[in-house]
Amino acid sequence: MAKHGKGYLNLGLPWILNIILAIIPVTSWILGGITRITRGHWIMGLLQLLLIGEIIFFFVDLVTVIISKDLRIFA
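Rules used throughout
Here, residues in each chain are numbered from 1, in the same order as that chain's written sequence. Only residues with pLDDT of at least 70 are given local features in this predicted model, and only at 80 or more are side-chain atom pairs given and counted; all residues enter the totals for whole chains, interfaces and linings. Water and hydrogen atoms were dropped before computing side-chain values, which therefore reflect all heavy atoms in the structure. Lines fitted to C-alpha atoms define the axes, with helix axes restricted to the stretch in contact, and inter-axis angles between N-to-C directions lie between 0 and 180 degrees. In this text, helices come from DSSP runs of H or I with a minimum length of four residues, and strands from runs of E with a minimum of two, each type numbered from the N-terminal end. An angle counts as roughly parallel when it lies under 35 degrees, as roughly antiparallel when it exceeds 145, as roughly perpendicular when it falls between 65 and 115, and as oblique in every other case. Note on contacts: a residue pair qualifies if any of its non-hydrogen atoms lie within 4.5 Å across the two residues. Residues are grouped as follows: Ala, Val, Leu, Ile, Met, Phe, Trp, Tyr, Cys and Pro are nonpolar; Asp, Glu, Lys and Arg are charged; every other residue, Gly included, is polar. Each reported salt bridge corresponds to a side-chain nitrogen of Lys or Arg within 4 Å of a carboxyl oxygen of Asp or Glu. Relative accessibility under 20% of the residue-type maximum defines a buried residue, over 50% an exposed one, and the middle range a partly exposed one, all with a 1.4 Å probe and only protein chains included. Pairing of aromatic rings covers Phe, Tyr and Trp, the last counted by its six-membered ring, and requires centre-to-centre distances within 6.5 Å; plane angles under 30 degrees mean stacked, over 60 mean edge-to-face, and any other angle means tilted. Distance and angle both matter: a charge sits over a ring if NZ of Lys or CZ of Arg is within 6 Å of the ring centre and within 35 degrees of the ring normal. Crossing handedness: left-handed means the near helix sits turned counterclockwise from the far one by under a right angle, and right-handed means the same turn made clockwise.

Our next topic: the packing of helix 2 (residues 25–38) against helix 4 (residues 54–68). Running from amino to carboxyl end, helix 2 crosses helix 4 at an angle of 85°, the nearest separation of the two axes being 10 Å. With respect to helix 4, the element helix 2 is oriented roughly perpendicular. On the side of helix 2, the interface is formed by Pro25, Ser28, Trp29, Gly32 and Arg36, while helix 4 contributes Glu54, Phe57, Phe58 and Asp61. When grouped by side-chain class, the residues that make up the contact of helix 2 with helix 4 number four nonpolar, two polar and three charged.

Structural data, given as structure tokens:
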């Protein structure tokens, strides 16, 4: 697996910026799906982008960004 940065889009953005992006539901939905796809988790990324269980992904992304400063679960 290729190396990647932390946070959304694997850019290594500052932690506080990742939290702000995780709080906004639309950016969390789009950027979370794209990040999962770029990290090789095609199924989870497509499920998120297709709005299947989107509220679950929103809370998972928010909690993992706050606790570990990265998308950890399924990303």
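Looking now at the pattern of salt bridges. Counted under the stated rule, the structure contains two salt bridges. Where Asp61 meets Arg36, a salt bridge forms, and the shortest distance between an N and an O atom there is 2.6 Å. With Asp61 in helix 4 and Arg36 in helix 2, this pair connects stretches of sequence that are 25 residues apart. A relative accessible area of 0% means that Arg36 is categorised as buried. With its nearest N and O atoms 2.9 Å apart, the salt bridge here joins Asp70 to Arg39.

On to the packing of aromatic side chains, then. Across all of its chains, the model carries one aromatic pair by this definition. Ring centres 5.4 Å apart and planes at 70° place the aromatic pair Phe58 and Phe59 in the edge-to-face group. Overall, Phe59 belongs to the partly exposed group, its relative accessible area being 49%. Its guanidinium or amino end placed over the ring of Trp15, Lys69 lies 5.2 Å from that ring's centre, counting from NZ or CZ.

Between helix 1 (residues 15–23) and helix 4, whose axes approach to 9 Å, the crossing angle comes to 165°. For the element pair helix 1 / helix 4, the angle class is roughly antiparallel. Both helix 1 and helix 4 take part in a crossing whose hand is left-handed. Touching Trp15, Asn18, Ile19, Ala22 and Ile23 of helix 1 are Phe58, Leu62, Val65 and Ile66, all from helix 4. Residue composition of the contact of helix 1 with helix 4, by class: eight nonpolar, one polar and no charged.

Bringing the side chain of Asn18 into the picture now. Relative to the elements of secondary structure, Asn18 occurs in helix 1. Given a relative accessible area of 1%, Asn18 falls into the buried group.

Read these as geometric descriptors, not functional statements.
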